Amino acid sequence: MGDTAPTPMLDIGPRIGCDVVNVVDVTRSIELFGRRYLDRTFTPHELQTCAGPARDQRLAARFAAKEAVVKVLRPGDVPVPWNSIEITRAEWGGCGVTLSGNAAELARAQDLHDFQVSISHEADVAIAMVIATRSGARIEKKDDIADD
């Protein structure tokens, strides 16, 4: 058989990311690295929003959300600093996602938009799910390439 060109396929629809974080891991990072960890991982808005009782649980939920966003972005070798993903507090009480820097560039390059996030936490565990819409980008399906 001859060479066959890869068949482009339309990659549209939502992308989903999910992550679970143990609250104790966040607490230990804060104890070990203090302000350095907090400032590298969270934005000033996130730190302000999470202040007070259950701070570590709230921060763990936001860290889980950041990890879920990275899974949606599929960055490959592109570095995505934690501060380029911000989990915001919406007026209605839920959360939203704001991207900057490399995270925003990856989203634009892949036509990802309308990021939605849901977070939850208990005393020892936090979870987050993120969904983003992707419309119209073409990718090549690698397994369509035939061998001679």
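Residues numbered from 1 in each chain as written. Predicted model: local features only at pLDDT ≥ 70, side-chain atom pairs only at ≥ 80, totals over all residues. Heavy atoms only, no water.

Quick note on the threshold: UniProt positions are given in the numbering used here, feature names are shortened, and annotations may be inferred rather than shown by experiment.
By the naming in an unreviewed UniProt entry, the protein goes by Holo-[acyl-carrier-protein] synthase and is assigned to Rhodococcus erythropolis. Under the Sequence similarities (unreviewed entry) heading, UniProt states for the protein: "Belongs to the P-Pant transferase superfamily. AcpS family."

## Considering the packing of aromatic side chains
Inclusion rule: Pairing of aromatic rings covers Phe, Tyr and the six-membered ring of Trp, with a centre-to-centre limit of 6.5 Å; geometry is then stacked below 30 degrees between planes, edge-to-face above 60, and tilted otherwise. A 1.4 Å probe rolled over the protein chains alone gives each residue an accessible area, and that area as a share of the maximum for its type sets the label: buried under 20%, exposed over 50%, partly exposed in between. Only DSSP runs of H or I covering at least 4 residues are called helices, and only runs of E covering at least 2 are called strands; the numbering of each starts at the N terminus.
Within this structure, the stated rule accounts for two aromatic pairs. Between Tyr 37 and Phe 42 the ring centres are 6.0 Å apart and the planes differ by 80°, which places this aromatic pair in the edge-to-face class. Of the two residues, Tyr 37 and Phe 42, both sit in the buried class. Seen in terms of ring centroids, Phe 63 and Trp 82 are 4.8 Å apart; in terms of plane orientation they differ by 55°. Their pairing is tilted. Note that Phe 63 is positioned in helix α3 (residues 55-73) and Trp 82 in the loop between α3 and β2 (85-89), a separation of 19 residues in sequence. Its relative accessible area of 24% is what places Trp 82 among the partly exposed residues.

## Quick look at the side chain of Arg 134
As a reminder, the rule being used: Polar contacts, as counted here, are pairs of nitrogen or oxygen atoms within 3.5 Å of one another; within protein the pair requires one atom able to donate a hydrogen and one able to accept it, and residues that are adjacent in sequence qualify only if both atoms are side-chain atoms.
Looking at the element boundaries, Arg 134 is found in strand β5 (residues 125-140). Within polar-contact distance, the side chain of Arg 134 engages the backbone oxygen of Gln 110 at 2.9 Å.

## A short note on α3
Given 3.6 residues to a turn, an α-helix orients residues that are three or four positions apart in the same direction. To keep things clear, this is the line we draw: Helix span is expected to be 1.5 Å times the residue number reduced by one.
With 19 residues, α3 ought to run about 27 Å at 1.5 Å a step, and its terminal C-alpha atoms sit 27 Å apart, in line with that. Burial analysis of α3 places 15 of its 19 residues in the buried class, the great majority of the element. The first or second residue beyond α3 is Arg 74, which carries a positive phi of 50°.

## Let's talk about the UniProt feature "binding site: Mg(2+)" (unreviewed entry) in the protein
Condition: What makes two residues a contact is simply this: any of their non-hydrogen atoms within 4.5 Å.
As recorded in UniProt, the sites labelled "binding site: Mg(2+)" (unreviewed entry) are Asp 19 and Glu 67. These residues run over 49 residues, yet every pair of their C-alpha atoms falls within 6.2 Å of each other. Summarising the element assignment, Asp 19 is placed in strand β1 (residues 8-22). For Asp 19, the contacting residues outside a window of four places in its chain are Ala 64, Glu 67, Ala 68, Lys 71, Ala 126, Ile 127 and Ala 128. Among the polar contacts made by the side chain of Asp 19, one reaches the side chain of Lys 71 at a distance of 3.1 Å. For Glu 67, the residues in contact, after removing those within four places along its chain, are Asp 19 and Trp 82.

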